[in-house]
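Okay, here's what each chain looks like letter by letter:
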Amino acid sequence: MIKQKKVTRRQFIQTSMATAASTAMPQLSIAANNASQSWQLEAVEISRRFEPQQPAPAKLLGFNGSTPGPVLRLPQAKVSEIRVINSLAEPTAVHWHGLRIDNAMDGVPGMTQDAIAPGESFRYLLNPPDAGTYWYHSHHRSWEQLARGLAGVLIVEEQQAQDFDQDLVFAIDDWRLDDDLQFDETSFGSLHDWAHGGRLGNYLTVNGQTLPEFQVVSGQRVRLRVINIANARVMTLRFPEGPIWEIAKDGQPLTPQPIEDRTVTLAPAQRVDLVLDMTAAPGDVSSVEVLVRDQVLEVADFRYHSSKRQETMNEAPSPLPANPLHQIDLTTGRDYLSVPMKLEGGAMGRMSAAIHQGESLGVRELARKGQVWAINGFAGMTEQPLFRVPKGTAVSLEVNNNNAWPHGIHVHGHHFQDSREPGVWRDTALLNRAETASLRLIADNPGQWLIHCHMLEHQAAGMKTWFEVT
Ligand code: C2O
Ligand code: CU
């Protein structure tokens, strides 16, 4: 069994009572407006309190003074300029997770750019083809910089305004804090975590806040953009009573589906856009919960104010406008290049050796180098890509999760369809223990791209590879 600090929520229980009286708006600050198309993101050290009564603020990382950073709202199919300034004492780089953009803007140090040195800046030009819910995060030592808070939400706005009463961001994160609510440094980089489920935390926040309260009006129809920005925790969220639909996954619209059991499971980096009809009465408070094994943790509340007459209540929402991605036809007359991806390693795994930097090593030696995961027998980056294909090639990644742990496999620069979810486009697929999936995509974006596990400790410990589109 995984040995992790049990999520006790001592802090939570205290706060849930304290917060009942607060009416703080959890909505994040918005860094952009549609008129301007150039923004600045400054990576900085920040100190902040998770709870007002904590003795000293925790030392974290953020953008423009907060974690998560500002919500970036970019226009679809227009160039936005984002200048990232590195005011940290260490290098960094920013990856725009899920955007199908130019390779040179993908933010992967050592592959698409040099890391941004302290005191330097980098100008990212983003021309996102698809509207939807995305996020941005450090891609330099991401297991460390994300754990410390270097991430934010990125929204690409639909060209026509959508008919929702509110458009809310719900970025859920998982921190490992000590008893004084300081960032837990002692367990940092623990090989034990790396070989198990990654750095699982013991403290959950939504939009960086502890048990925030969203202000809603009874009768409203709300779009809720849920993003799992945790390093490693797979989150199962349960939403309050009332009709709920999913209208997009990993940014990409789908035919709205009612969610009968009101729960959603997201691997790290996955997103879901939900439509919630706020049916509770004015004065009510209802909560969003995270289910962790046998525990039910309250992570955010909706507080219902006066009411509004809502004509469409209980009727399925209309679908979001299709993206250019939806023009890709994966079904007819395609001959797929089949690319096996066998995921091996970790605690209780059967991996006995793997090739790391050209050398065949036994598991002990691998562990000494911090490498405990492999794809097709290779731990970490290889000289040769997993595959190299001309632009337009249809590729099927045949992923076999042949070990004891769940993994969230993320493909850069492309969306794919998972054989287990026909018709749904994703950029990150969750594979539980012993699961297999075919991830089908058209390799149509030229350049060198990463594929890796988004349990960031697994990525750091070897579960990563790359491909090239020529
Ligand atoms: Cu969200 Cu390679 O990352
Ligand atoms: Cu993994």
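Please read all numbers here as calculations on a predicted model, not as lab measurements.

With that settled, the discussion passes to the overall build of the protein. Each helix and strand in the protein was counted, giving five helices and 33 strands. Its C-alpha radius of gyration of 21 Å places the protein within 12% of the 23 Å reference for a compact globule of 470 residues. Expressed along its principal axes, the backbone C-alpha trace of the protein runs to roughly 65 × 55 × 45 Å. Partitioning the contacts of the protein with sequence separation of at least 6, the portion at a separation of at least 24 is 76%.

Our focus in this paragraph is the sheet that holds strand E33 (residues 464-469). With mixed pairing, the five strands of this open sheet are ordered in space as E25-E33-E32-E27-E30. The open sheet terminates on both sides in strands that have one partner only, identified here as strand E25 (387-389) and strand E30 (428-431). The mean angle between the axes of side-by-side strands here comes to 20 degrees, regardless of whether they run parallel or antiparallel.

Pairing is mixed across the open sheet formed by six strands, whose spatial order is E10-E9-E12-E17-E14-E15. Only two strands of the sheet have a single neighbouring strand rather than two, namely strand E10 (203-206) and strand E15 (252-258). Ignoring strand direction, the axes of neighbouring strands in this sheet form an average angle of 25 degrees. Inspection of the sheet shows strand E9 (residues 166-175) paired to E10 by four bridges, in the antiparallel sense. By the bridge assignment, Trp175 is partnered in E10 with Tyr203.

How two aromatic rings sit relative to each other is given by the distance of their centres and the angle of their planes. On inspection of all chains with the given rule, the structure shows 13 aromatic pairs. Summarising the aromatic geometry, the rings of Phe50 and Tyr203 are spaced 5.3 Å apart at their centres and angled 70 degrees between planes, so their arrangement reads as edge-to-face. With Phe50 in the loop between strand E1 (38-48) and strand E2 (58-63) and Tyr203 in strand E10, the pair connects residues that are 153 residues apart, well separated along the chain. Exposure remark for Phe50: the relative accessible area of 5% places this residue in the buried category. The exposure class of Tyr203 is buried, given its relative accessible area of 0%. Geometry around Phe50 places Arg48 over its ring, the cationic atom sitting 4.9 Å from the centre. The ring of Tyr336 is capped by Arg440, whose NZ or CZ atom sits 5.9 Å from the centre of that ring.

With that settled, the discussion passes to empty space enclosed by the protein. Applying the stated criterion to the full structure yields six cavities of 30 Å³ or more. There is about 70 Å³ of room inside the largest cavity. Across the lining of the largest cavity, the residue classes tally to three nonpolar, two polar and four charged.

Another point: the coordination of the copper ion (ligand 2). His407 (ND1), Cys453 (SG) and His458 (ND1) make up the full set of protein donors to the copper ion (ligand 2), lying at 2.0 to 2.1 Å. One chain supplies every donor to the copper ion (ligand 2), and in sequence these donors are spaced H-x45-C-x4-H. Here His458 lies in helix H5 (residues 456-460) and His407 lies in strand E27 (residues 407-411), a separation of 51 residues in the sequence. There is no split in this pair, since His407 and His458 are both buried.

Moving on: the environment of Glu365. Mapped onto the elements of the fold, Glu365 is located in helix H4 (residues 363-368). C-alpha of Glu365 to C-alpha of Gln459: the two residues are 94 residues apart in sequence and 18 Å apart in space.

Interpretation of the predicted coordinates at a detailed level should be avoided for regions scoring low in pLDDT. For the protein, per-residue confidence averages 91 on the pLDDT scale, and residues scoring 70 or more make up 91% of the total. With pLDDT under 50 throughout, residues 1-27 is counted as low confidence; its partners more than four residues away or in other chains account for 63 contacts.

Criteria and cut-off values
- Residues numbered from 1 in each chain as written.
- Chains lettered and ligands numbered in written order.
- Predicted model: local features only at pLDDT ≥ 70, side-chain atom pairs only at ≥ 80, totals over all residues.
- Heavy atoms only, no water.
- Helix = DSSP H or I, 4+ residues; strand = E, 2+ residues; numbered from the N terminus.
- Rg over C-alpha atoms; globule rule 2.2 N^0.38 Å.
- Contact = heavy atoms within 4.5 Å.
- Pairing = 2+ DSSP bridges.
- Axes fitted to C-alpha atoms, helices over the stretch in contact; angles between N-to-C directions.
- Phe/Tyr/Trp six-rings, centres within 6.5 Å; stacked < 30°, edge-to-face > 60°.
- Buried < 20%, exposed > 50% of the residue type's maximum accessible area, 1.4 Å probe, protein only.
- Lys NZ or Arg CZ within 6 Å of the ring centre and 35° of its normal.
- 1 Å grid on protein atoms, 1.4 Å probe; cavity = no way out; pocket = protein on both sides within 12 Å on 5 of 7 lines; lining within 4 Å.
- Points joined across faces, edges and corners; volume = space filled by probe spheres on them.
- Nonpolar A, V, L, I, M, F, W, Y, C, P; charged D, E, K, R; others polar.
- Donors = N, O, S within 2.8 Å, 3.2 Å for Na, K, Ca; no water.
- pLDDT = per-residue confidence, 0-100.

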